[in-house]
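As a plain string of letters, each chain reads:
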Amino acid sequence: MGQRGVGEFRSGFVCFVGRPNTGKSTLTNAMVGQKIAITSSRPQTTRHTIRGIVHRDHAQLILVDTPGLHRPRTLLGQRLNDLVRDTYSEVDVIALCIPADEKIGPGDRWIVQQVRQMAPKTTLIGVVTKIDKVDKQRIAEQLMAVSHLLGPEAELVPVSAAKGEQVEVLVDVIAAQMPEGPAFYPDGELTDEPEETLMAELIREAALEGVRDELPHSLAVVIEEILPRDLGEDRPAGRANADMLDVHALLYVERPSQKAIIIGKGGRRLKEVGTAARRQIEHILGTRIYLHLHVKVAKDWQRDPKQLGKLGF
């Protein structure tokens, strides 16, 4: 690439890839500066292409979060993989995340192979995450190993999203790979996901927290309706009509036993899920909400094209 002039504005799309738990969502949130991607310690928790938008004086990066590549076992798995395939070929940069505290394994090599097959022309960079967990010697060894995996021409950046170390360096490295051009989104926008999708994702994240069994694939959340609730006539002039939003959400599982897990003893767990999700949603929307959660069993929805369509896949 030739010399880049000073002061040129660059904008483009970037996608973080990597095995589950490599810090992709935490990194997205650290770069955007607000919680957008759902962070869960479970594979396959991000169902939608949620975009975080990073605004800087010299660049705008649109972070595209894919559901993660895996070997598909169900129709849902196949649809998720197709979504990934489309995303990889349309972004400007793919950033492979590998944690500093884990050895590179067959999963990492498989992802690199898939990315190179699906998007041979897309720039691939290496991000060594979680550097706050190891010493400098280990970071150096991991950078060497990632360089060996991606080839000597690939840019590498070590970061700690949790501690905010090197996050801006990563922003600059990615920005330098982007084409020149104006911003795609107005300043101040952090995501172009509809609010309902964000709400559904945050409820899903809260519901998956701490549940150890086979739930991740078996849980879908659908926002049924959002109703403004007017809290009376005596509010100050100029206030928005809705003081509060009533949000009705359905949590779909595949079996009654899973429904029992989500609801918990005496409904305690569902209440906790509602409280955790409500806090996150209020934080993002900046308005008070009342969350109505209902759990339904939709038998084997992952294998049923009609139900998949109804649930938005």
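Whatever comes next refers back to the structure up there.
What you see is a predicted model; the values in this text were computed from it and never measured.

Student: Honestly, the packing of helix 1 (residues 24–32) against helix 5 (residues 167–176) in this entry has me stumped. Any pointers?
Tutor: A packed helix pair is summarised by two numbers, namely the angle formed by the two axes and the spacing between the axes. Two elements in contact, helix 1 and helix 5, have axes whose closest approach is 10 Å; the angle formed by their N-to-C orientations is 90°. Taken together, the axes of helix 1 and helix 5 lie roughly perpendicular to each other. Listed contacts from helix 5 to L27, A30 and M31 of helix 1 are V167, L170, V171 and I174. For the contact of helix 1 with helix 5, the class distribution of residues is seven nonpolar, no polar and no charged.

Student: Would you take a moment to explain the pattern of salt bridges for this structure?
Tutor: A side chain of one charge can pair with a side chain of the opposite charge if their charged atoms are brought near each other. Tallied over the full model, the rule gives eight salt bridges. Salt-bridge contacts for R10 lead to E180; the nearest nitrogen and oxygen are separated by 3.7 Å. Pair noted here: R10 is in strand 1 (residues 10–17) and E180 is in the loop between helix 5 and helix 6 (195–208), with a separation of 170 residues, a long-range link. For R10, a relative accessible area of 6% puts it in the buried group. What makes E180 exposed here is its relative accessible area of 52%. For E168, the salt bridge identified is with R56, shortest N-O distance 2.7 Å.

Student: Looking at this structure, I do not really get unusual backbone geometry. What am I missing?
Tutor: Glycine aside, negative phi is the norm for most residues, and most peptide bonds take the trans geometry. Residues other than glycine seldom take positive phi values, yet K130 does so here, at roughly 60°. Topologically, K130 is positioned in the loop between strand 5 (123–129) and helix 4 (136–150). We note that Q166 has phi near 70°; this positive angle belongs to a residue other than glycine. Relative to the assigned elements, Q166 resides in the loop between strand 6 (156–158) and helix 5.

Student: Looking at this structure, I do not really get the environment of A176. What am I missing?
Tutor: Structurally, A176 is set in helix 5. The sequence separation of A176 and R10 amounts to 166 residues, and the corresponding C-alpha distance is 7.6 Å.

Student: Please clarify how helix 9 (residues 268–285) should be interpreted in this entry.
Tutor: Every α-helix carries 3.6 residues per turn, so stepping three or four residues along brings you back to the same face. Over its 18 residues, helix 9 extends 26 Å from the first C-alpha to the last, a length consistent with the 26 Å expected when each residue adds 1.5 Å. Turning to helix 9, its buried residues number three or more, namely R269, L270, V273, G274, A277 and I281. Projected down its long axis, helix 9 shows its buried positions confined to an angular sector of 130°, all on one face. More than 90 degrees from the buried face of helix 9, the exposed residues found are R268, K271, E272, R279 and H283. Packing partners of the buried residues in helix 9 comprise helix 6, strand 8 (244–253), helix 8 (256–263) and strand 9 (288–297).

Student: Whenever I open this one, the sheet that holds strand 9 confuses me. Can you help?
Tutor: The strands that make up a sheet pair up through hydrogen bonds in the backbone, lying either parallel or antiparallel. Spatial ordering of the open sheet is given by 7-8-9, a layout of three strands whose pairing is mixed. On the outer flanks of this sheet lie strand 7 (220–229) and strand 9, each paired with one strand and no other. With strand direction ignored, the average angle separating the axes of adjacent strands in the sheet is 20°. Looking at chain direction, strand 7 and strand 8 are connected through nine bridges and run antiparallel. Bridge assignment links L227 to a residue of strand 8, and that residue is D246. Here helix 8 sits on the sheet and contacts strand 8 and strand 9; the angle it forms with strand 9, its principal contact strand, is near 155°. The sheet strands contacting helix 9 are strand 8 and strand 9, and the helix crosses strand 9 at an angle near 135°.

Basis of the calculations
- Residues numbered from 1 in each chain as written.
- Predicted model: local features only at pLDDT ≥ 70, side-chain atom pairs only at ≥ 80, totals over all residues.
- Heavy atoms only, no water.
- Axes fitted to C-alpha atoms, helices over the stretch in contact; angles between N-to-C directions.
- Helix = DSSP H or I, 4+ residues; strand = E, 2+ residues; numbered from the N terminus.
- Parallel < 35°, antiparallel > 145°, perpendicular 65-115°, else oblique.
- Contact = heavy atoms within 4.5 Å.
- Nonpolar A, V, L, I, M, F, W, Y, C, P; charged D, E, K, R; others polar.
- Salt bridge = Lys/Arg side-chain N within 4 Å of Asp/Glu carboxyl O.
- Buried < 20%, exposed > 50% of the residue type's maximum accessible area, 1.4 Å probe, protein only.
- Expected span 1.5 Å × (residues − 1).
- Arc of directions from axis to C-beta.
- Pairing = 2+ DSSP bridges.

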